[in-house]
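Per-entry structural report
Given next are the chains, with one letter for each unit.
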Amino acid sequence: MVTDVPSPAAKPALLRQLGVVSATALVVSNMVGTGIFTTSGFLAGQLGSPDLVLGIWVVGAVCAFIGAICYSELGINFPSSGGEYVYLTRALGPTWGFMTGWVSFFAGFSAPIAAAALAFSDYLGYFFPRVGLESRHVIAGSGDWTFEIGGAQLIAGVLILVFTALNVFGVQRVARIQNVLTGSKVMILAAFIGLGLWGGHGSWEHFSVPAARTVSTPLAAQFAISLFWIYVAYSGWNAATYVAEELRQPARTLPVALIMGTALVAVLYVALNVVFIYAVPLEELKGEVAVGALAASRLFGPQVAGIFSALMALSLMSTVNGMITIGPRVYYAMAKDGAFPAAAAKVDPRWHTPVAAIMAQGICAMLMTITPFPQLVVYIGFTLNIFAVMSVASLLYFRHRPGWQKLGIVSMGYPLFPVLFLLVGVWMIFQGVRLKPFISLAAVVTLTTGALVFHLRLRSHPPPGRAVETY
């Protein structure tokens, strides 16, 4: 029997205290954020067609839902915190497991936290122009390789600092805050959709008016590159797997949270993009970061738009908090296995949180706010897609093991779902390497650095009393 109160002599550990509502809230809050509030303006210029813009959100929804289904089966068989780290360590060995966690630290959590915090600043820019992304100044580099600082970066850093501090003081307290923020976020978006379509000053004629494309890449190839933006927007469908060790009845809670959360977000995303295009012609959406603020101003006028801009900024706070909560659980799981600095596995005896892991992630995220927003998004999407593809591929391997628990929804037409996910993911990787070589190189450098750290430091210095497994 699992209890929530360890004995005084027990080593501090994570507690199983999150139910279906909290787990689903984590999924929703991790998904709804940076992408939906910023991506459509970039897609307008990349794809140039309302049908393609809506279509790519539907494709992303299908991929996210399939991914959530596949991860549900992995999660009920490996109900430990860590997500992809756990699955790839079991499938391919400790090197790939470590690289998964290494990438998660940079591209899986720190960079998305930075991107969400920057988007929060840009929405605040509706009221205070000096904190919008347009106010930044380049402090180093040129072209795709620049570092920027300004009011947006400062506000983003403060937001990350506040939620990092809150997460130190216990997951249950933060979960309550998260439930309130997530509930508010869903209600805000639902109200925006309903009021926009039935009371806003938009036009259905916008759906038949294309925009001039801002890129010369052939549409088929550009669709794959644009999917990296969509991947970032839908990322978080696997969020509950990272806190599996803190879920009550994980075999039941995990699949319900992943599938319900992903389905809810998919409906919201497609509906929101209908509202965006209904409000603003695609040509005028091009290049806009705060697309929600622009759509609200056209639908309701500047005064009401200010209210929605503030509410959308509040929604982005939920995203930042959700990712700050989940990320350290990956590093905690790795450190317990000797595959990450030992400090990440230390749990505070009073708060039952991995304090060092939370603090390290917060510092990294604050530093990453100086990276330009578009480059940050593509880097996140490209890097995370690699490990999602590998994790779903591992399901094909694990299903042949005796005693493996199979979900009925995955078994329907097996291996249709995992194969579809893999085909889309591999196509995205190929097009990313071909068309975004510099960002692909940054992802490769991240992977290579992780492999070097594992073999040169952690593999040669395993924790006392624990040998590094060989495969």
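Just so we're clear, the structure is a prediction, and the values are computed from it rather than from any experiment.

Analysis parameters
Residues numbered from 1 in each chain as written. Predicted model: local features only at pLDDT ≥ 70, side-chain atom pairs only at ≥ 80, totals over all residues. Heavy atoms only, no water. Helix = DSSP H or I, 4+ residues; strand = E, 2+ residues; numbered from the N terminus. 1 Å grid on protein atoms, 1.4 Å probe; cavity = no way out; pocket = protein on both sides within 12 Å on 5 of 7 lines; lining within 4 Å. Points joined across faces, edges and corners; volume = space filled by probe spheres on them. Nonpolar A, V, L, I, M, F, W, Y, C, P; charged D, E, K, R; others polar. Phe/Tyr/Trp six-rings, centres within 6.5 Å; stacked < 30°, edge-to-face > 60°. Buried < 20%, exposed > 50% of the residue type's maximum accessible area, 1.4 Å probe, protein only. Lys NZ or Arg CZ within 6 Å of the ring centre and 35° of its normal. Salt bridge = Lys/Arg side-chain N within 4 Å of Asp/Glu carboxyl O. Expected span 1.5 Å × (residues − 1). Bend = angle between axes of the 7 residues up to and from the residue. Axes fitted to C-alpha atoms, helices over the stretch in contact; angles between N-to-C directions. Parallel < 35°, antiparallel > 145°, perpendicular 65-115°, else oblique. Left-handed = near helix turned anticlockwise from the far one by under 90°. Contact = heavy atoms within 4.5 Å.

What follows is about the environment of G322. Here G322 lies in helix 12 (residues 302-336). It is 9.1 Å that separates the C-alpha atoms of G322 and T182, two residues lying 140 residues apart in sequence.

On to empty space enclosed by the protein. This model, assessed by the stated rule, comprises 4 cavities of 30 Å³ or more. Taken as a whole, the second largest cavity encloses approximately 140 Å³ of empty space. The wall of the second largest cavity is formed by 14 residues, among which G60, C63, A64, Y231 and M428 lie closest to the centre. Those elements giving two or more residues to the lining of the second largest cavity turn out to be helix 3 (50-77), helix 8 (219-234) and helix 16 (416-435). Of the residues contributing to the lining of the second largest cavity, the split by class is 11 nonpolar, 3 polar and no charged.

Another point: the packing of aromatic side chains. Each aromatic ring pair is specified by the distance between its two centres and by the angle formed by the two planes. Under the defined criterion, the tally for this structure stands at 26 aromatic pairs. Centroid distance Y126 to F127: 5.3 Å. Interplanar angle 80°. Geometry classified as edge-to-face. You can call Y126 partly exposed: its relative accessible area is 32%. Seen in terms of ring centroids, F192 and F308 are 5.2 Å apart; in terms of plane orientation they differ by 65°. Their pairing is edge-to-face. On the criterion of sequence distance, the pair formed by F192 in helix 7 (residues 171-199) and F308 in helix 12 is long-range, its members being 116 residues apart. Put simply, the rings of Y71, F78, Y87, Y397, F398 and W404 touch in pairs and so form one group of aromatic residues. The ring centre of Y414 lies 4.4 Å from the NZ or CZ of R399, which sits over that ring.

Let's shift gears to the pattern of salt bridges. Throughout the structure, instances matching the rule amount to 3 salt bridges. Salt-bridge contacts for K286 lead to E283; the nearest nitrogen and oxygen are separated by 2.8 Å. Relative accessible area serves as the criterion here: at 37%, E283 is assigned to the partly exposed category. R298 serves as the salt-bridge partner of E284, at 2.7 Å between the closest nitrogen and oxygen. Of this pair, E284 sits in helix 10 (residues 282-285) while R298 sits in helix 11 (residues 291-300), and the two are 14 residues apart along the sequence. You can call E284 partly exposed: its relative accessible area is 38%.

As a further point, take helix 5 (residues 94-124). Helix length check: helix 5, at 31 residues, gives a terminal C-alpha distance of 43 Å against a target of 45 Å (1.5 Å per residue), a fit within 8%. If you look at helix 5, its biggest bend is around 50°, right at S104. Of all the 31 residues making up helix 5, 28 are buried; the element is thus mostly covered by neighbouring parts of the structure.

With that out of the way, let us pick up the packing of helix 12 against helix 13 (residues 355-368). A packed helix pair is summarised by two numbers, namely the angle formed by the two axes and the spacing between the axes. Contact geometry for helix 12 and helix 13: axes closest at 9 Å, N-to-C directions at 120°. Taken as axis vectors, helix 12 and helix 13 run oblique relative to one another. With respect to the hand of their crossing, helix 12 and helix 13 are arranged in right-handed fashion. Only A357, I358 and Q361 of helix 13 make contact with helix 12, whose side of the interface consists of M323, I324, G327, P328, R329 and Y331. Of the residues that constitute the contact of helix 12 with helix 13, the class distribution is 6 nonpolar, 2 polar and 1 charged.

Function cannot be read off these values alone, since they describe shape.
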